[in-house]
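# Fold and geometry: a report
Here is how the chains run, residue by residue.
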Amino acid sequence: MTTSQPAAQSFFTNRSTQAIAQDLLGTHLLYTNRRGTLGGLIVEAEAYVGTDDTAAHAYNGRRTPFSEPLYHGPGTIYIYQLRGFFLFDIVTQAIDQPQGVLIRAIEPTHGIEQMRLNRPKPGVELTNGPGKLMGALGICDQQLTFQNVADAPLMIDLAHRRYPQSIVAAPRIGVNSKATSGQLPYRYYVAGNPYASGLPKRQWQRTNHGWL
């Protein structure tokens with residue numbers, strides 16, 4: 001099922017980006033290409049809240065060709081490369097309010113065999129990080145940037161979802177922890193889900209992965 005443009009605009013705006021990031025947990029991130037549909041349940045996401053957020057690409061009003069997608073409408077796809085990995089942000093809020101959510105991890109549900117061919121790593125290593133999940137999906141360029149998740153091959157299924165038993169809020173990963181926004185608890189993950197990045201095995205919920 002595709003997400004309609006009005007539904008995408010409604011979901012990705014009219015409330016805080018922190019709330020949107022938490023509500024994304026349990027929705028399906030799906031990518032359809034000639035090999036089929038690949039993807040899984042979103043289990044971890046980070047909110048970046050714009051010009052006042054020292055960890056955001058748009059901090060202090062920065063607007064460059066690199067960060068331009070953030071200034072587009074809600075639901076816009078923003079793929080960028082960092083340390084050799086491609087990462088996937090979804091733009092939130094209205095045009096010219098450069099906020100977004102980084103999808104950090106998914107629990108595979110669709111096209112798992114193909115995902116393992118794309119990224120031959122064992123167990124949770126398949127998709128327990130933002131670059132890892134993109135590799136498993138087979139996305140290794142920025143061609144989808146500026147498209148909208150409402151009608152792109154990379155989409156969010158809002159209709160078929162699960163709900164976390166509990167959500168953990170923690171500081172974001174890979175940001176300057178000494179900067180003003182560095183310790184804000186804007187990383188959200190499904191408590192006990194093994195695919196949450198870096199979650200110690202002693203915290204895994206092995207029977208239900210943290211879902212209701």
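Residues numbered from 1 in each chain as written. Predicted model: local features only at pLDDT ≥ 70, side-chain atom pairs only at ≥ 80, totals over all residues. Heavy atoms only, no water.

If you look the chain up in an unreviewed UniProt entry, it shows as Putative 3-methyladenine DNA glycosylase from Latilactobacillus graminis DSM 20719. As its UniProt record puts it under Sequence similarities (unreviewed entry), the chain is described as follows: "Belongs to the DNA glycosylase MPG family." (UniProt positions renumbered as here; feature names shortened; annotations may be inferred.)

## What to know about the overall build of the chain
Assigned secondary structure in the chain consists of 4 helices and 8 strands. In sequence order, the chain lays out its α and β elements as α-α-β-β-β-β-β-α-α-β-β-β. Here the chain has a C-alpha radius of gyration of 16 Å; the compact-globule value for 212 residues is 17 Å, and the two agree. Projected onto the principal axes, the alpha-carbon positions of the chain cover approximately 45 × 40 × 30 Å. Expressed as a percentage of its 212 residues, the buried residues of the chain come to 52%. Long-range pairs, those at least 24 residues apart, make up 61% of the contacts in the chain with a sequence separation of at least 6. Carbon together with sulfur atoms contributes 50% to the accessible area of the chain, which is approximately 9,600 Å² in total. (Helix = DSSP H or I, 4+ residues; strand = E, 2+ residues; numbered from the N terminus. Rg over C-alpha atoms; globule rule 2.2 N^0.38 Å. Buried < 20%, exposed > 50% of the residue type's maximum accessible area, 1.4 Å probe, protein only. Contact = heavy atoms within 4.5 Å. Areas by Shrake-Rupley, 256 points an atom, 1.4 Å probe, with all protein chains shown as cover.)

## Focus: the environment of Val124
With respect to the helices and strands, Val124 occurs in the loop between helix H3 (112-118) and helix H4 (130-137). For the pair Val124 and Pro108, spaced 16 residues apart in sequence, the C-alpha separation works out to 9.1 Å.

## Concerning H4
Of all 8 residues in H4, 6 are buried; the element is thus mostly enclosed. For H4, the set of buried residues is Pro130, Gly131, Leu133, Met134, Ala136 and Leu137. A positive phi of about 85 degrees marks Gly138, the residue just after H4.

## Let's talk about the pattern of salt bridges
Enumeration according to the criterion identifies 9 salt bridges in this entry. Arg15 is the partner of Asp23 in a salt bridge, and the nearest nitrogen-oxygen pair spans 3.0 Å. Residue Asp23 is classed as partly exposed on the basis of its relative accessible area, which comes to 25%. Between Lys132 and Glu125 there is a salt bridge whose closest N-O contact spans 2.8 Å. When its relative accessible area of 33% is taken as the criterion, Glu125 is described as partly exposed. (Salt bridge = Lys/Arg side-chain N within 4 Å of Asp/Glu carboxyl O.)

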